[in-house]
Amino acid sequence: MKNKLLSGTFWMMLGSILSRVLGIIYLIPWLMMIGSPSDQNAAQAIFNAAYTPYALFLSLGVAGFPTAIARQVAEYNGQNRFKDSVHVFKYGMLFMLFTGSLCGLLLYIFAPMIAQRSAVVSTEVATTAIRVMVPTLIILPPMSMIRGFYQGNSDMQPMGVSQLWEQLIRVLFILGATYWIMLVQHGSYIKAVNYSTFATFIGALASYIYLIAYSRKRMGHYRELYHESVPAHDMHVFTIFKNIFKEALPFIFVGSAITIYQFIDQLTFKDIMVDLTGLDALQAQDLYTYFSANPSKITTVVISLTIAISESSLPLLATLAKRNEKQQIGKTIAQNIELMLLTLLPSSLLLAVLSWEVNGVFFPFSRLGANLLAYALVTSIALALFTDFFTIVQSLGKHRLAVRYLTLGIILKLALQVPFTYLWGAYGALSATTVSFLLISLGVYGQIKKHYLVRGQMRNVKLIIVINLLVALAAYLTNELISLVYLPQNKLTAFLYAAVFGGAFVLLYIALLNKSGIFKEVFGFKVKLAVKGKH
């Protein structure tokens, strides 16, 4: 069981992490080609104004269904009903094509309304950028269904690698198109942003090509499962979709949560800051870029660590829940949380300590931008905890619990948004999100602990947290002392400083995990940090 979780986590992390790393590394040359710092901030605001509603509509049309398919396929396979898995997958593909087309049409229609409320100066420019995303919204849902089918078969490789291909081709297209527009044609950065948003469509096509090639490679294995399967049950099409909806709707809602919160920020921030605090539209746009558009590129990578682990656990937990193996469920949940915290905490805390350097590497150097990035990175821990805990309870079939808590969370976010943002500006908007996610995550964890965990299963968690706090405190104090005499002022020195400084404290972190026995406890082996010579 542990090997399956670690193997699944590896492939999910390979695709999820590397694709997101590519998704932020390209920003360095992209923003340099865009031009001045003011143009860079505007480009980021326009891009984010298009990408957030696109991501929300994509989540509404996609997020729950592949996960529901993965869970159903895992259950059917556990009962040797592979023929039923194939049956559900085929109808699911047709349905995904329908939902993708519907969501694309709705995004096209509502684009002007969304653009008008967004923290951008030009509504017309933002409307065009949003509508450019429509073709991608149509073709991605069926592809996500293919990924869900593989996930249900505990085959994480195609999901991870296809994400990597999708991002790689997307990034190459963005950089190539921006180079041609800005440096060859000497065109407008607005045109470059539009081509950059359209790059999601090109990346999706590349992912399709990989998945089709991989399916041919695995066809023999699936034929074997098909022939060994018990006969397919006589399920009516209506029954199939009823089951899919029953599984999918909670996953859609929960899977869209982070994007819903970001969308609330997008639609309310400008109005609150302009109408209540007297900020002008350009200042609101820049502030929105600093607290949302820029940090989200970095925090997405941190949260994707959690997503990789939680999604790898999903088919395992679904199978165990079907068999009602509570003891093994508890062990799997404990290992899931340990793996999550081992990667989540050092990533978010060390990057927060290095916020000046990280912000300067990817975006224009700015003290306000760096401070907001640091705050966003620390608060991303709450978002990651939400992602993991809610995936766990949904994997165990506790959909009503997840929906009830998330509904309370969104109500709390809406209640806190205006007073928090009015009092503390961008920090307030981030705080409203953090408080909401943290409270509902703790509530759901309480339910997990009550029903599935026994005394001693989470013994490593406290030690992991203590080690991370010690490393973060040491890193913070060291960095503050160094900054008194040296502070990087260009991208190359900032990158080198962050790499050396971060690498040193990562080694310290691993050494402490080794010394405490946590590394061996979780992964089954120790890391040799030094080799002793022979005498």
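Going by the structure above, here's the rest.
Residues numbered from 1 in each chain as written. Predicted model: local features only at pLDDT ≥ 70, side-chain atom pairs only at ≥ 80, totals over all residues. Heavy atoms only, no water.

Caption draft 1: Fine view of the pattern of salt bridges. The final tally for this structure, using the stated rule, is four salt bridges. With a closest N to O distance of 2.7 Å, Glu 166 and Arg 147 form a salt bridge. Linking Glu 166 in helix α7 (residues 157-184) with Arg 147 in helix α6 (residues 134-152), this pair joins segments that are 19 residues apart in sequence. On the accessibility criterion, Glu 166 (17% relative accessible area) is buried. Under the relative-accessibility criterion, Arg 147 is labelled buried at 10%. Where Lys 413 meets Asp 265, a salt bridge forms, and the shortest distance between an N and an O atom there is 2.9 Å. Here the residue Lys 413 occupies a position in helix α15 (residues 399-451), and Asp 265 occupies one in helix α10 (residues 257-277), the gap between them amounting to 148 residues. On the basis of relative accessible area, Lys 413 is assigned to the buried category, the value being 0%. (Salt bridge = Lys/Arg side-chain N within 4 Å of Asp/Glu carboxyl O. Helix = DSSP H or I, 4+ residues; strand = E, 2+ residues; numbered from the N terminus. Buried < 20%, exposed > 50% of the residue type's maximum accessible area, 1.4 Å probe, protein only.)

Caption draft 2: Up close: the packing of helix α12 (residues 326-353) against helix α16 (residues 459-483). Across the interface, α12 lies against α16 with an axial gap of 10 Å and an inter-helix angle of 10°. Looking at the two axes, α12 sits roughly parallel to α16. Between α12 and α16, the residues in contact are Ile 337, Glu 338, Leu 341, Leu 342, Leu 345, Pro 346, Leu 349, Leu 350 and Val 353 and Asn 460, Val 461, Ile 464, Ile 465, Asn 468, Ala 472, Ala 475, Tyr 476 and Asn 479, respectively. Residue classes in the contact of α12 with α16 are distributed as 14 nonpolar, three polar and one charged. (Axes fitted to C-alpha atoms, helices over the stretch in contact; angles between N-to-C directions. Parallel < 35°, antiparallel > 145°, perpendicular 65-115°, else oblique. Contact = heavy atoms within 4.5 Å. Nonpolar A, V, L, I, M, F, W, Y, C, P; charged D, E, K, R; others polar.)

Caption draft 3: Expanded view of the nonpolar core. Within the largest apolar cluster, 142 residues are counted, with the highest numbers of intra-cluster contacts made by Trp 30, Leu 107, Ile 333, Ile 337, Phe 390, Leu 406 and Phe 437. Looking at this core, the element that brings in the most residues is helix α3 (residues 37-78), giving 17 residues. With residues near it in sequence (within four places) discarded, Phe 390 still touches Val 254, Ala 402, Tyr 405, Leu 406, Ile 440, Ser 441 and Val 444. Residues Leu 287, Ala 376, Ala 429 and Leu 430 belong to the second largest nonpolar core, which totals twelve residues. (Core = buried A, V, L, I, M, F, W, Y, C linked by side-chain atoms within 4.5 Å.)

Caption draft 4: Just helix α2 (residues 27-34), in detail. Taken as a whole, α2 has its buried residues at Leu 27, Trp 30, Leu 31, Met 33 and Ile 34. For α2, the buried positions fall inside an angular range of 160° around the axis, keeping them on one side. (Arc of directions from axis to C-beta.)

Caption draft 5: Representation of the side chain of Thr 136. Among the structural elements, Thr 136 can be located in helix α6. Among the polar contacts listed, one links the side chain of Thr 136 to the backbone nitrogen of Phe 201, at a separation of 3.1 Å. Contacts of Thr 136, omitting those with residues within four sequence positions, involve Tyr 54, Thr 200, Phe 201 and Ala 204. (Polar contact = N/O pair within 3.5 Å; in protein donor to acceptor, adjacent residues only side chain to side chain.)

Caption draft 6: Spatial organisation of the side chain of Thr 299. Note that Thr 299 resides in helix α11 (residues 281-323). You can call Thr 299 buried: its relative accessible area is 11%.

Caption draft 7: Seen up close, the packing of helix α13 (residues 355-362) against helix α17 (residues 491-516). At a minimum axis separation of 8 Å, α13 and α17 run at an interaxial angle of 135°. It follows from the interaxial angle that α13 and α17 lie oblique. The chirality of how α13 crosses α17 is left-handed. In contact with Glu 357, Gly 360, Val 361 and Phe 362 of α13, α17 contributes Lys 491, Ala 494, Phe 495, Tyr 497 and Ala 498. Among the residues making up the contact of α13 with α17, the classes are represented as six nonpolar, one polar and two charged. (Left-handed = near helix turned anticlockwise from the far one by under 90°.)

Caption draft 8: Expanded view of the packing of aromatic side chains. A complete count under the given rule lists 28 aromatic pairs for this structure. When the centroid spacing of 5.7 Å and the interplanar angle of 5° are considered together, the rings of Phe 82 and Tyr 222 count as stacked. Of the two residues, Phe 82 is situated in helix α4 (residues 82-117) and Tyr 222 in helix α8 (residues 189-228); the sequence distance between them amounts to 140 residues. In terms of burial, Phe 82 and Tyr 222 fall into one category: buried. Three or more aromatic residues link up through ring pairs in this structure, and these residues are Phe 82, Phe 89, Phe 149, Tyr 150, Tyr 210, Tyr 214 and Tyr 222. Over the face of the ring belonging to Tyr 226 we find Lys 83, whose NZ or CZ atom lies 5.1 Å from the ring centre. The cationic tip of Arg 131 hangs over the ring face of Tyr 108; the distance from NZ or CZ to the ring centre is 4.1 Å. (Phe/Tyr/Trp six-rings, centres within 6.5 Å; stacked < 30°, edge-to-face > 60°. Lys NZ or Arg CZ within 6 Å of the ring centre and 35° of its normal.)

Caption draft 9: Fine view of a nonpolar patch on the surface. Together, Phe 98, Leu 102, Leu 105, Leu 106, Tyr 108, Ile 109, Phe 110 and Met 113 make up an exposed nonpolar region whose accessible area comes to about 770 Å². Looking at where Tyr 108 falls in the secondary structure, it is placed in helix α4. (Patch = residues over 30% accessible without salt bridge, like charges linked within 9 Å, V, L, I, M, F, W, Y side chains within 5 Å. Areas by Shrake-Rupley, 256 points an atom, 1.4 Å probe, with all protein chains shown as cover.)

Caption draft 10: Up close: the environment of Ile 146. Relative to the assigned elements, Ile 146 resides in helix α6. Residue Ile 146 is classed as buried on the basis of its relative accessible area of 16%. The contact partners of Ile 146, leaving out residues within four places of it in the chain, are Phe 89, Met 93, Tyr 208 and Leu 211.

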